[in-house]
Amino acid sequence: MRLSYDLHIHSCLSPCGDDDMLPSNIVGMAALKGLDVIAVTDHCSCENCPAVEKLADAYGVVALFGMELTTVEEVHVLCLFDNVPAAMEFGKYVRSQYQSVMNIRDIFGKQQIVNEDDEIIGEEEVLLINATNIGFDEVFGLTEKFGGVMIPAHIEKNANSLLANLGFVPEDSRFPCFELKHIGYLDELREKHPYLKKCAMITNSDAHYLEYINEPVNFLEAEERSAKAVLKALKAGNI
């Protein structure tokens, strides 16, 4: 089954996310645009995933749940799960690996936790865009332990990416997919880094504002229209 997707969207929990990036607005915009599958992936936290789940069910949008993890090397990695309990348990572990740098909201932005009714129910005090103590080489095993998938994010970017921060793709990598923001780099990167030839490529919006959420222009193949089927496709690299 061919499904349109955008699997890298930030809510108002990310300090860099616009205040209008409420889960209700994100899911509503995705439904309006006709996207089949979305994932809200805030920096190093899954706390807005419960609201996303309830709203996605109401709007008929398939949702994955997770975060954009920042490793100790400051590499950004999407960590996606097909259910909220797994994502929240993963989030608890990541929280135990936070570096104790507090958010200054006037400088970095708000980090708001909200429910499905747009009510602010909390605010994260630790700065979420900071690195965790989790190494890049640990992420595959961690996400697998909690039933998820790791996807190195925007690997062609000149900051906070696998290639910018590590400078290479480790030979013992096991990730099945990687993300490109600009797919024109695909052939060049696969030529320079042979491991990428074994992987599927996805491209997402990395939206921090509602208007930047993708139109239904990118597609993946899944057995059915469900979170489990989408996660299975990502794990298998069958995109």
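Residues numbered from 1 in each chain as written. Predicted model: local features only at pLDDT ≥ 70, side-chain atom pairs only at ≥ 80, totals over all residues. Heavy atoms only, no water.

Student: Quick question: what am I supposed to make of the overall build of the protein here?
Tutor: Of regular secondary structure, the protein possesses 8 helices and 10 strands. Along the first, second and third principal axes, the C-alpha atoms of the protein reach 50 × 40 × 30 Å. The 239 residues of the protein split such that 58% are buried. Taking all contacts inside the protein whose residues are at least 6 apart in sequence as the whole, residues at least 24 apart take part in 70%. Counting every atom, the protein has about 10300 Å² of accessible surface; 48% of that belongs to carbon and sulfur. Between the averaged position of the 19 positive side-chain charges in the protein and that of its 38 negative side-chain charges there is a distance of 5 Å. (Helix = DSSP H or I, 4+ residues; strand = E, 2+ residues; numbered from the N terminus. Buried < 20%, exposed > 50% of the residue type's maximum accessible area, 1.4 Å probe, protein only. Contact = heavy atoms within 4.5 Å. Areas by Shrake-Rupley, 256 points an atom, 1.4 Å probe, with all protein chains shown as cover. Lys, Arg positive; Asp, Glu negative; His and termini not counted. Charge placed at Lys NZ, Arg CZ, Asp CG, Glu CD.)

Student: Help me out: how do you make sense of the pairing of strand S7 (residues 149–152) in this one?
Tutor: On S7, burial covers both faces: Val149 and Ile151 on one face and Met150 and Pro152 on the other are all buried. One ladder, built from 4 bridges, connects strand S4 (residues 76–81) with S7; its direction is antiparallel. From the neighbouring strand, Leu80 faces S7, where its bridge partner is Val149. (Pairing = 2+ DSSP bridges.)

Student: Quick question: what am I supposed to make of the pairing of strand S2 (residues 37–43) here?
Tutor: On any regular strand, side chains alternate: one points to one face of the sheet, the next to the other face. By the criterion of burial, S2 is predominantly enclosed, with 7 of the 7 residues buried. Relative to S2, strand S1 (residues 2–9) is paired through 3 bridges, and the arrangement is parallel. Considered in S2, the bridge of Ile9 is made with Val40. Regarding the hand of the β-α-β motif, the stretch spanning S1, helix H1 (residues 23–33) and S2 is right-handed. Relative to strand S3 (residues 62–70), S2 is paired through 7 bridges, and the arrangement is parallel. Within S3, the residue paired with His43 across the bridge is Glu68. The parallel pair S2 and S3, bridged by helix H2 (residues 49–59), forms a crossover whose chirality is right-handed. (Right-handed = clockwise from strand over helix to strand, strands pointing away.)

Student: What should I look at first to understand the packing of H1 against H2 in this one?
Tutor: Helix packing geometry: the angle between the two helix axes and the distance between the axes. Following both chains from N to C, one finds H1 and H2 inclined at 30°, their axes separated by 9 Å at the closest point. On the basis of their axis angle, the class for H1 and H2 is roughly parallel. Between H1 and H2 the crossing geometry is right-handed. Across the interface between the two elements, Pro23, Ser24, Val27, Gly28 and Ala31 from H1 touch Ala51, Val52, Leu55, Ala56 and Tyr59 from H2. Residue classes in the contact of H1 with H2 are distributed as 8 nonpolar, 2 polar and no charged. (Axes fitted to C-alpha atoms, helices over the stretch in contact; angles between N-to-C directions. Parallel < 35°, antiparallel > 145°, perpendicular 65-115°, else oblique. Left-handed = near helix turned anticlockwise from the far one by under 90°. Nonpolar A, V, L, I, M, F, W, Y, C, P; charged D, E, K, R; others polar.)

Student: How should I be thinking about empty space enclosed by the protein in this particular structure?
Tutor: With a probe scaled to a water molecule rolled over the atoms, the places where space remains empty come into view. Evaluation of the coordinates by the stated rule reveals 1 cavity of 30 Å³ or more. Of the volumes computed, that of the largest cavity is approximately 30 Å³. Along its surface, the largest cavity is lined by Cys44, Tyr98, Gln99, Val126, Leu127, Leu128, Asn130, Ala131 and Thr132. Across the lining of the largest cavity, the residue classes tally to 6 nonpolar, 3 polar and no charged. (1 Å grid on protein atoms, 1.4 Å probe; cavity = no way out; pocket = protein on both sides within 12 Å on 5 of 7 lines; lining within 4 Å. Points joined across faces, edges and corners; volume = space filled by probe spheres on them.)

Student: Whenever I open this one, the sheet that holds S1 confuses me. Can you help?
Tutor: Backbone-to-backbone hydrogen bonds join strands into a sheet, with any given pair of strands oriented parallel or antiparallel. One open sheet holds the 6 strands; their spatial order is S7-S4-S3-S2-S1-S10, and the pairing between them is mixed. Unpaired on one side and paired on the other, S7 and strand S10 (219–221) mark the two borders of the sheet. Between one strand axis and the next, the sheet turns through 30° on average, direction left out of account. Sheet strands touched by H2: S2 and S3. Its angle to S3, the strand with the most contacts, is close to 160°. The sheet contacts of helix H5 (residues 136–145) involve S3, S4 and S7, and relative to S7 the element is tilted by about 150°.

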